[in-house]
Amino acid sequence: MPKPSPVALIAAGKFSESPITSFARLADRLGPVKASSFRLASRISNHLKAGHPVPDFEEFKSARVVLVSVPDDALDGTIAELAAAEISWRGKSVLLCSAQRDSLSLHTLVRQGASPASVYPIPGFEGRRYLVEGDRAAIRDAQRLIEHGGARMLTIESGRKPLYLAALTLTGNVLIALVAASAESLHLCGLTAAQTATLIDKAVEKTVRGYWKAGAKAYRPPSDLTEQLKALTVVDSRLARYLEQAVAIANELMQRPPARQP
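Residues numbered from 1 in each chain as written. Predicted model: local features only at pLDDT ≥ 70, side-chain atom pairs only at ≥ 80, totals over all residues. Heavy atoms only, no water.

Draft legend 1. Summary view of the packing of helix 6 (residues 161-171) against helix 7 (residues 173-189). As a packed pair, helix 6 and helix 7 sit with axes 3 Å apart at the nearest point and diverge in direction by 15 degrees. Judged on the interaxial angle alone, helix 7 and helix 6 are roughly parallel. Each of Leu 168, Thr 169, Leu 170 and Thr 171 in helix 6 lies in contact with helix 7, whose residues at this interface are Asn 173, Val 174 and Leu 175. For the contact of helix 6 with helix 7, the class distribution of residues is 4 nonpolar, 3 polar and no charged. (Axes fitted to C-alpha atoms, helices over the stretch in contact; angles between N-to-C directions. Helix = DSSP H or I, 4+ residues; strand = E, 2+ residues; numbered from the N terminus. Parallel < 35°, antiparallel > 145°, perpendicular 65-115°, else oblique. Contact = heavy atoms within 4.5 Å. Nonpolar A, V, L, I, M, F, W, Y, C, P; charged D, E, K, R; others polar.)

This is the structure:
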């Protein structure tokens, strides 16, 4: 069986936090490692215990898969550097490791024949689940590097990553704000922090279970909202405005539930 062609890597930034460090099969295939300096490339190779540092892109020519792991603010410059190198991109897959950017950011290389994809670990799964979007050929190459043991990939259509990120925002920072508002309301009741935490944990758990069971039908507009708003306005008008606006938006969204229910 022929040996797979080496995987090339161009990297920068705080590499210890790169998802590449948990790619199950990378150590067996990593070849040339390029960075802003040969010394940094050597450090990255040593950190991975794989591959070897290179001063230029010469060895990238023989690699069929190129990994890009750089900070988002350095990505455009890195892509321009790769596009200007004397590399034939036709038949190569370029895998971008970024939490925010997606395969569309690789359009310059795509115009030269590359197959693009973006890869990043899904929060909460500790390197066992990865979100991958992009071209099918690049996704297959990502699968060969990632899926091993308990590691698996979830794939989405090219260009849909912002929708995934919106979901993380809603279940992340937006949910934190909702929890904080709820906690403040309970604090104003005179409950302790421990009591507040217990009540909110149970309420959120019940709400999530109800949605998975019944979908949008689980939603019920609050019948006593006026009294709640009056009470909140007296103690904290900000919470009252937040609740009023949140309920108004929730009512609007739930009037037209999404086509796909859990």
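Draft legend 2. Just the side chain of Ser 98, in detail. By the secondary structure assignment, Ser 98 is in the loop between strand 5 (93-97) and helix 4 (107-110). Judged by its relative accessible area of 3%, Ser 98 is buried. Within the local environment of Ser 98, its side chain forms a polar contact with the backbone nitrogen of Arg 101, the two atoms lying 2.9 Å apart. Setting aside residues up to four positions removed in sequence, Ser 98 forms contacts with Asp 72, Val 119, Tyr 120 and Lys 161. (Buried < 20%, exposed > 50% of the residue type's maximum accessible area, 1.4 Å probe, protein only. Polar contact = N/O pair within 3.5 Å; in protein donor to acceptor, adjacent residues only side chain to side chain.)

Draft legend 3. Layout of the layout of surface pockets. Within this model, the largest pocket holds a volume of roughly 2,500 Å³. Forming the boundary of the largest pocket are 41 residues, of which Leu 175, Leu 178, Thr 207, Tyr 219 and Ala 250 lie nearest the centre. Contributing elements (two or more residues each) for the lining of the largest pocket: helix 6, helix 7, helix 8 (193-214), helix 9 (225-235) and helix 10 (237-255). Here the lining of the largest pocket is composed, by residue class, of 30 nonpolar, 9 polar and 2 charged. For the second largest pocket, the calculated volume is near 380 Å³. Element by element, the count of residues in the lining of the second largest pocket is highest for helix 6, at 7 residues. For the lining of the second largest pocket, the residue count by class is 8 nonpolar, 1 polar and 2 charged. (1 Å grid on protein atoms, 1.4 Å probe; cavity = no way out; pocket = protein on both sides within 12 Å on 5 of 7 lines; lining within 4 Å. Points joined across faces, edges and corners; volume = space filled by probe spheres on them.)

Draft legend 4. Highlighting a nonpolar patch on the surface. Together, Leu 170, Val 174, Leu 175, Leu 178, Val 179, Val 204, Val 208, Tyr 211 and Trp 212 line one region of the surface with nonpolar side chains, adding up to about 740 Å² of accessible area. Along the chain, the position of Trp 212 falls in helix 8. Classification of Trp 212 by relative accessible area gives exposed; the value is 56%. (Patch = residues over 30% accessible without salt bridge, like charges linked within 9 Å, V, L, I, M, F, W, Y side chains within 5 Å. Areas by Shrake-Rupley, 256 points an atom, 1.4 Å probe, with all protein chains shown as cover. Salt bridge = Lys/Arg side-chain N within 4 Å of Asp/Glu carboxyl O.)

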